[in-house]
Amino acid sequence: KLGLEKKSSGLRYELFKAQGCICLYTGKPLSETQLDQYEIDHIVPRSLGGPDAAVNYVLTFHDVNHTKEKGKLTPFALLHGKEGWDAYVKRVEARSTALRNKKVQLLTREDAPDLVERYTALAETAWVSKLAQTIVNLRFGWTNGYDQNRKKRVIVVSGGLTARVRRKYGLDKLLYKKDTDLEAFAKKLKNRADKRHHALDAMVLTFIPQWARDPGKEGFFRFPKEFRDSNGREDYEQIRKLFDDSIAKVMPRYLTFERPVLRDRAYGQRDNKTMMVQRTSLRDLAYKLVQQKPVFNLTYAATQIKDVRDERIKQELQKFTATVPDEPAWNVFCDRFEKGELDSMRGKKVSKVTQNLNEDIFEYKDMSKDGRGAFRRRKENHSGQFIYTDAQGNPSVEVVRVFDSVAKVKAEIEAKGSGISIVDFYQKWCLVKLVKPVVHGVVTLEPGTYQLNTIKKDGRAQVTSAGGETSPVISLGKFLAAGFKRVG
């Protein structure tokens, strides 16, 4: 648990009191005199993005925290649907006042990983706002944002205020098409796939300081006088038109691109350098990551087991999964295998297996200094791709891997022969422009600027509009015929 055992006794005591002197997971009592023997658990595991923050901590017993299941699951994934779930929820809700609402939700909801990411982002934003105000105050000798004449010079605006302004004036709706499903709209007011919501917030923020400094302001936020009719009432249509016209010109873009990196794991090579292999936890063979959460899945297990290199182990795994075990039965089986207690393989302890990786060896490079073979591959994205055409105008794609030189790959393309023409170098999330429409089945991409999702090696690409709508995967031939070019 990355040193959580070293957390101060003060934190343990705070958790102990907030939990009502019990382990929330089991309901068993905790002793104040034995606090140093308990463990601070991440409610949302670090492997699922859980932060080192008080909202994500709970005090529990060592044997609970170190079960193989708990190490990778949220409380909901671990306990929901099992005996004791209802009692667990009652324990948590009984302590809701001391635990606070955010922690209660992390302890009981299925979407805890998404929630904790949102909570962390809000906390970081609030901290940055306070820090910025402190720096400005120190620089100009002000106090709490007021200058020496008691004039408000620094305005810190809460996200709650901007959200209320957007709702009151119907500004969120500007990010949606006219045919947007109203029920879906009601469930998700701010379209997170549409990055223009940041621009919408920024526009709202430009009006708030003027209102906040007005000594005669009354009640809730109002736009300046120029947005009111002759009777002094706010002209909602004029306000929405201003925002709509401005949002229509916005195209989100990345100011910088994340540097591609290698995976931490090094892979081996077998079969006369034609196959890459990896070591995998036996238990993990049946857990598929779904939205960053490990979910027990026998179909996924079957695809993983077929790549196990040891035939005897593979047969044992296939024989057991053919009985269609549930999750507890799978974990019991793994426990026995790890301890060497399987009747058919008595004494053979297996906690990890070697698997073939059915991936192109082109993706790997030997990064060892002694040449003995420590093959690495990209963690997520490539460095980018070149698109080039031959003498007949047929497009091709050349990948620039994380360990490749962009200049060297370009030179290798140009050396392929006469008639080769490089269109451009592209990176994931860069902006591209279409001069003409692209028609693909019932979908038409209008001329304009888009964000590039991906370029595939087979000569197809996918883009996203300013409104967050993702296109089908379309052939590069159609894109190039429409004037497909990188912007900036």
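Bear in mind that the values here come from a model prediction, so they are computed numbers and not experimental data. (Residues numbered from 1 in each chain as written. Predicted model: local features only at pLDDT ≥ 70, side-chain atom pairs only at ≥ 80, totals over all residues. Heavy atoms only, no water.)

Details of the packing of aromatic side chains
Applying the stated rule across the entire model yields 25 aromatic pairs. Seen from their ring centres, F320 and W330 are 6.3 Å apart, and the 35 degrees between their planes marks the pair as tilted. Here F320, found in helix α13 (residues 311-321), pairs with W330, found in helix α14 (residues 327-339); they are 10 residues apart in sequence, far enough to count as distant. On the basis of relative accessible area, F320 is assigned to the buried category, the value being 19%. Among the aromatic side chains, those forming a connected cluster through ring pairs are Y169, F207, W211, F221, F223, F227, Y236 and F243. The residue whose ring lies beneath R377 is Y364, and the NZ or CZ to ring-centre distance is 5.6 Å. Its guanidinium or amino end placed over the ring of W429, K428 lies 4.4 Å from that ring's centre, counting from NZ or CZ. (Phe/Tyr/Trp six-rings, centres within 6.5 Å; stacked < 30°, edge-to-face > 60°. Helix = DSSP H or I, 4+ residues; strand = E, 2+ residues; numbered from the N terminus. Buried < 20%, exposed > 50% of the residue type's maximum accessible area, 1.4 Å probe, protein only. Lys NZ or Arg CZ within 6 Å of the ring centre and 35° of its normal.)

Thoughts on the confidence of the model for the protein chain
Confidence in the prediction of the protein chain, expressed as mean pLDDT, is 86, and 92% of residues score 70 or more. Segment residues 186-190 is flagged for pLDDT under 50; beyond a separation of four residues in sequence, or across chains, it makes nine contacts in the model. (pLDDT = per-residue confidence, 0-100. Contact = heavy atoms within 4.5 Å.)

A short note on the pattern of salt bridges
What the rule picks out here adds up to 19 salt bridges. For the salt bridge of D245 with K241, the shortest nitrogen-to-oxygen distance reads 2.8 Å. Taken together, the residues span about one helical turn, with D245 and K241 both in helix α11 (residues 236-247) at a distance of four residues. Given the relative accessible area of 51%, K241 is considered exposed. For the salt bridge of D343 with R346, the shortest nitrogen-to-oxygen distance reads 2.6 Å. R346 carries the same exposure label as D343, and that label is exposed. Several salt bridges converge on common partners, so that one network encompasses R166, D172 and D201. (Salt bridge = Lys/Arg side-chain N within 4 Å of Asp/Glu carboxyl O.)

Description of the nonpolar core
Counting 32 residues, the largest nonpolar core has Y25, L30, L59, Y88, L99, L106 and L107 as its most contacted members. Put simply, the parts of the chain that give this core at least two residues each are α1 (9-18), β2 (57-60), α4 (85-94), α6 (101-108) and α7 (112-140). (Core = buried A, V, L, I, M, F, W, Y, C linked by side-chain atoms within 4.5 Å.)

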